[in-house]
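Chain by chain, the residues run as shown.
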2 protein chains.
Amino acid sequence: MRFSKKSEYALRALTELTEHYGRDLLQRQQIAEQQHIPIEFLEQILLALKNAGLLASRRGVTGGYSLIKPPHEITLGQVIRILDGPLAPIACVSKTAYQKCSDCPYAEQSGHEACPIQDVMLNVRNAISDILDNYTLSDFAKQSKGHGSHANHSLR
Amino acid sequence: MRFSKKSEYALRALTELTEHYGRDLLQRQQIAEQQHIPIEFLEQILLALKNAGLLASRRGVTGGYSLIKPPHEITLGQVIRILDGPLAPIACVSKTAYQKCSDCPYAEQSGHEACPIQDVMLNVRNAISDILDNYTLSDFAKQSKGHGSHANHSLR
DNA sequence: GCATTTGTCGAGTTCTTCAGTTAACTTTTG
DNA sequence: CAAAAGTTAACTGAAGAACTCGACAAATGC
């Protein structure tokens, strides 16, 4: 039940980019060094984030990447879905990529008796996305600076 | 961010075993047929559950498996950890299998400035285990019978 | 305009895990 | 002792994770 390195690296790279938001461009190499991420691997992560519309880039000697949207509009859920796919722990409870369980004996019978597993897993999915879809990059940056000042609106 | 088939099959097999708790033994084959699980794969799952102390077994012609503990004492969290390992989405927030992030620039510095990622991921981990460690096999069975009667104590 | 520096793109590589299979056991019962 | 069950370990094929490489395209600046 792990997130991939891709997601983790993406979040780390985005914290760097958040700190430079509205100011200057950051180059792959700078990010890679700051965050100890293999540069060629980071490259494809940045590309994915760019294709997803989160980053802008410029080529050439003064090139680099920058956030294209304000940090408080980018949620961790968005980022992780870009790199790892849906958050749901099993496919039959995914909102973004639902798939009927092929072999579950409870799946889609006529009387549509609820699958007990599906029921819990939906709770799990919702708990995860409640946190990750309400936590933005700006929350991130706040915390890494003034450690402790974060409101923690993801847990009651 | 998915649970494995092993975990899913384990939960499905355990619902069968829960229904027979305190009565008779269930054989691999019966479980496999009821739940459409490949029998040889199911076998290693049942073995893992047995080695973890959840099941008893008997060999021979009248053999089979049975729950060794009452269903209300077995949580889904226990089961999933047996087959999939820790629930934590990244290793540095696992209670059962903590590992220091090797490359994270925030990890364990002298002033131990908190890692912002670690902070959110700990919330995620706790949200998941709040659900899975409080949901037992007996909750499961209740729901698959009288669908809808389950108290749902895992979400507020 | 050519060299240098950066990003872009596609493919390849290595390693591990997932999901399932096979085969050689041991134990129990009739 | 044969048949039916569980036990154990090893094996395999496919997929995914985590990088790596090489050729290319655009921007800069002398």
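Everything numeric in this text was worked out from a predicted model, so none of it was measured.

Rules of the game
- Residues numbered from 1 in each chain as written.
- Chains lettered and ligands numbered in written order.
- Predicted model: local features only at pLDDT ≥ 70, side-chain atom pairs only at ≥ 80, totals over all residues.
- Heavy atoms only, no water.
- Core = buried A, V, L, I, M, F, W, Y, C linked by side-chain atoms within 4.5 Å.
- Buried < 20%, exposed > 50% of the residue type's maximum accessible area, 1.4 Å probe, protein only.
- Contact = heavy atoms within 4.5 Å.
- Near = heavy atom within 4 Å.
- Polar contact = N/O pair within 3.5 Å; in protein donor to acceptor, adjacent residues only side chain to side chain.
- Helix = DSSP H or I, 4+ residues; strand = E, 2+ residues; numbered from the N terminus.
- Nonpolar A, V, L, I, M, F, W, Y, C, P; charged D, E, K, R; others polar.
- Expected span 1.5 Å × (residues − 1).
- Salt bridge = Lys/Arg side-chain N within 4 Å of Asp/Glu carboxyl O.

**Student:** Can you help me understand the nonpolar core in this one?
**Tutor:** Taken as a class, soluble globular proteins show a tendency for nonpolar side chains to be buried jointly. Formed by 90 residues in total, the largest nonpolar core has its most connected members in L132 of chain A together with L132 of chain B. Excluding residues that lie within four positions of it along the chain, L132 of chain B makes contacts with V120 and V124 of chain A together with F3, T75, L76, G77, I80 and L87 of chain B.

**Student:** Explain the protein's contact with DNA strand C to me, please; I cannot follow it from the model alone.
**Tutor:** The full set close to DNA strand C counts 25 residues, and E43, K50, S57 and Y65 of chain A together with R59 of chain B are the nearest of them. Across the atoms of DNA strand C situated within 4 Å of the protein, the share located in sugar and phosphate is 70%. In this structure, K5 of chain B approaches DNA strand C through a main-chain N or O atom, which is 3.0 Å from a phosphate oxygen. Between R59 of chain B and DNA strand C, the recorded distance is 2.7 Å, taken from a side-chain N or O atom to a base oxygen. Counting residues per element, the ones that place at least two in the surface near DNA strand C are α3 (39-51), β1 (55-58) and β2 (64-67) of chain A together with α1 (5-19) and α3 (39-51) of chain B. The element best represented in the surface near DNA strand C is α3 of chain A, accounting for four residues. By residue class, the composition of the surface near DNA strand C is seven nonpolar, nine polar and nine charged.

**Student:** Sorry, what's going on with α1 of chain B here?
**Tutor:** Working note: α-helix, 3.6 residues per turn, so residues spaced by three or four point in the same direction. All names here are of chain B. In a regular helix each residue adds 1.5 Å, so 15 residues correspond to 21 Å; α1 covers 21 Å between its end C-alpha atoms and thus fits that length. The element α1 is largely enclosed, with a buried count of twelve among its 15 residues. Along α1, the residues classified as buried are S7, E8, Y9, A10, L11, R12, A13, L14, T15, E16, L17 and T18.

**Student:** I tried to follow the pattern of salt bridges on my own but got confused; where do I start?
**Tutor:** Scanning the entire structure with this criterion turns up eight salt bridges over all chains. E43 of chain A serves as the salt-bridge partner of R28 of chain A, at 2.4 Å between the closest nitrogen and oxygen. Of this pair, R28 of chain A sits in helix α2 (residues 28-35) while E43 of chain A sits in helix α3, and the two are 15 residues apart along the sequence. For R28 of chain A, a relative accessible area of 32% translates into the label partly exposed. The exposure class assigned to E43 of chain A is partly exposed, which follows from its relative accessible area of 29%. Here D133 of chain B ties to R81 of chain B by a salt bridge, and the two come within 2.5 Å at their closest N and O atoms.

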